[in-house]
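Next come the chains, spelled out residue by residue.
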Amino acid sequence: MWRRLSLRRICLGFILITAVAILYAAFKASSIIIPKACTDDQTTRIFDNLCNLYQSQAVGGNLCEVICTSKSIIYEDCLFKGKGKKVIAATYNSKKIILKSRNERLEEFELLFSANDKGGFAPPEMDYDSFKSMFKSHMEALMGIKLVDSEDVLLSKMWTSPILQNDELTPGEMNSVWTLVQQSEFNYLKYFHGAQFLPDIYGSCGHFYAVEYIPSGKILDPSLLSLSEQWDSAPWPNRAKIGLSLMDLIASTETFYSEILHLCDVKPDNFGVTEDFQVKAIDIDISFFTPQMRDYLQQPDCTADEDCDFFDCHGACNKSTQKCLDVRTNNNFQSVCSDIFLHHHTYPGLLRNPPAEIATEITELLDKCVNPSREEKYIQTPSITKTFQRLQSLLKESLQIR
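Note that this is a predicted model, so its numbers are computed, not measured.

Novice: So what about the nonpolar core? Which residues, and what values?
Specialist: By size, the foremost hydrophobic cluster in this structure holds 69 residues, and its most contacted members are Phe135, Phe271, Ile340 and Phe341. Here this core takes 9 residues from helix H10 (residues 236-253), the largest share from any one element. The residues touching Ile340, leaving out its near neighbours within four places in the chain, are Leu220, Leu246, Val266, Lys267, Pro268, Phe271, Ser335, Tyr347, Gly349 and Leu350. Membership of the second largest hydrophobic core comes to 24 residues, among which are Phe47, Leu63, Ile88 and Leu99.

Novice: Run through the pairing of strand E5 (residues 208-212), naming residues and quoting values.
Specialist: Of all the 5 residues making up E5, 5 are buried; the element is thus mostly covered by neighbouring parts of the structure. In this structure, strand E4 (residues 201-205) lies alongside E5, joined through 4 bridges in antiparallel fashion. Each bridged residue has a counterpart across the sheet, and for Cys205 the counterpart in E5 is Phe208. Once E4 ends, the chain turns through 2 residues before running back antiparallel as E5, passing Gly206 with a positive phi of about 60 degrees.

Novice: So, the environment of Val59: which residues are in play, and what are the values?
Specialist: Positionally, Val59 belongs in the loop between helix H2 (40-55) and helix H3 (64-68). Val59 sits 111 residues away from Thr170 along the chain, and the two C-alpha atoms are 8.9 Å apart. Setting aside its immediate chain neighbours within four residues, Val59 contacts Leu50, Leu53, Tyr54, Cys64, Leu106, Gly172, Ser176 and Gly206.

Novice: Residue-level account of empty space enclosed by the protein, with values.
Specialist: In this structure the tally under the stated criterion is 2 cavities of 30 Å³ or more. The computed volume of the second largest cavity comes to approximately 70 Å³. Broken down by class, the residue content of the lining of the second largest cavity amounts to 6 nonpolar, 2 polar and 3 charged.

Novice: I'd like to hear about the packing of aromatic side chains, residue by residue, with values.
Specialist: Under the counting rule described, the total for this entry stands at 19 aromatic pairs. Between Phe192 and Tyr257, the ring centres sit 5.3 Å apart and the planes meet at 70 degrees, which makes this aromatic pair edge-to-face. On the criterion of sequence distance, the pair formed by Phe192 in the loop between helix H7 (184-191) and E4 and Tyr257 in the loop between H10 and strand E6 (261-263) is long-range, its members being 65 residues apart. Given a relative accessible area of 10%, Phe192 falls into the buried group. Centre to centre, the rings of Tyr296 and Phe310 are 5.0 Å apart; their planes meet at 35 degrees, and the pair counts as tilted. With Tyr296 in helix H11 (residues 290-297) and Phe310 in the loop between H11 and strand E10 (317-318), this pair connects stretches of sequence that are 14 residues apart. The exposure class of Tyr296 is partly exposed, given its relative accessible area of 34%. Three or more aromatic residues link up through ring pairs in this structure, and these residues are Tyr188, Tyr191, Phe192, Phe197, Phe256, Tyr257 and Phe289. Taking NZ or CZ as reference, Lys96 lies 4.4 Å from the ring centre of Tyr213, over its face.

Novice: Please set out the packing of helix H5 (residues 151-158) against H7 residue by residue, giving values where relevant.
Specialist: For the pair H5 and H7, interaxial distance at closest approach is 9 Å and the crossing angle is 105 degrees. With respect to H7, the element H5 is oriented roughly perpendicular. Contact residues: H5 offers Leu154, Lys157 and Met158, while H7 offers Phe186, Asn187, Lys190 and Tyr191. Looking at the contact of H5 with H7, its residues break down into 4 nonpolar, 1 polar and 2 charged.

Each value, and the rule that gives it
- Residues numbered from 1 in each chain as written.
- Predicted model: local features only at pLDDT ≥ 70, side-chain atom pairs only at ≥ 80, totals over all residues.
- Heavy atoms only, no water.
- Core = buried A, V, L, I, M, F, W, Y, C linked by side-chain atoms within 4.5 Å.
- Buried < 20%, exposed > 50% of the residue type's maximum accessible area, 1.4 Å probe, protein only.
- Helix = DSSP H or I, 4+ residues; strand = E, 2+ residues; numbered from the N terminus.
- Contact = heavy atoms within 4.5 Å.
- Pairing = 2+ DSSP bridges.
- 1 Å grid on protein atoms, 1.4 Å probe; cavity = no way out; pocket = protein on both sides within 12 Å on 5 of 7 lines; lining within 4 Å.
- Points joined across faces, edges and corners; volume = space filled by probe spheres on them.
- Nonpolar A, V, L, I, M, F, W, Y, C, P; charged D, E, K, R; others polar.
- Phe/Tyr/Trp six-rings, centres within 6.5 Å; stacked < 30°, edge-to-face > 60°.
- Lys NZ or Arg CZ within 6 Å of the ring centre and 35° of its normal.
- Axes fitted to C-alpha atoms, helices over the stretch in contact; angles between N-to-C directions.
- Parallel < 35°, antiparallel > 145°, perpendicular 65-115°, else oblique.

Structure below.
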């Protein structure tokens, strides 16, 4: 009896020690992985550096004057951590805006012209026509599509200040627009400026660009609420309206241009909600048109389909060659169903607790969206399927129930 108790105590002790060791290791790992939040001093340094560049004519842009001279853009808060994208909240003309750049400093980008010891630029190794031609080729390579615009029209479309006829950009302005187009989100927002599902872009200074402030809000991203508050928050009509707007956004990604825009990073905080419940894509860094999507998907070797996934864009493995195919096997609708509409981990799911009259069918449609039948699971199936259309109709009908 004593030996059994001793053995039991030893086992329990071993389990306890192991559990403590695992928790300690997890704590240490998390303390290493979690990046430090930005500080006001860091943001001040960013603005000071940007304005020094502007005063030396090393950068340009329509917002440099209001940032550095009139100081009409007023800093509010820094929203980034560690070495990720620099995101700064500010106000301009009593309107909240967001300033963004992939890097903190200009020299972290590939530059066309380097500064000399006197603060000017080394003589350009190309004439202006060569720059415009190179700019268009560079844009097409970055976006993965053929652009129909002429070289002059394209440059005017992507630069944030007017370019008068026969005018040329200065070396500082050329450097600025060159750093901007190295940021994929800027390219989508500026080239497709006016697209309903994208936030407005207000302009730029150097390598930073300013966009419309559209927060995710507590309905779409209730991460700051307790679990009980998450389940009880937001009446169904508001969530149904956001769900419908998200579905309109999904449809737009497949119809607004000749190629599908694949959203490969789908999560609640990558979408913003306006006061009238319109949803816009506020973080589309990991989004690609079909030609570029194919290039990304076929890169790795594989032994299973999961090896070919690129974030939320799922791929397929050729088991005989152990190479990934250049095809996507899911679509934007399936990603939104899985990562936003449905419950997962601590996220309660946008379409939780629907009206009783439609609860069963909503559940069935969402399951069908995430797990389509073998007959429906064609490679690169468009988002707008019968399941999509029925869910859309059901959400509209539900607004008449309550």
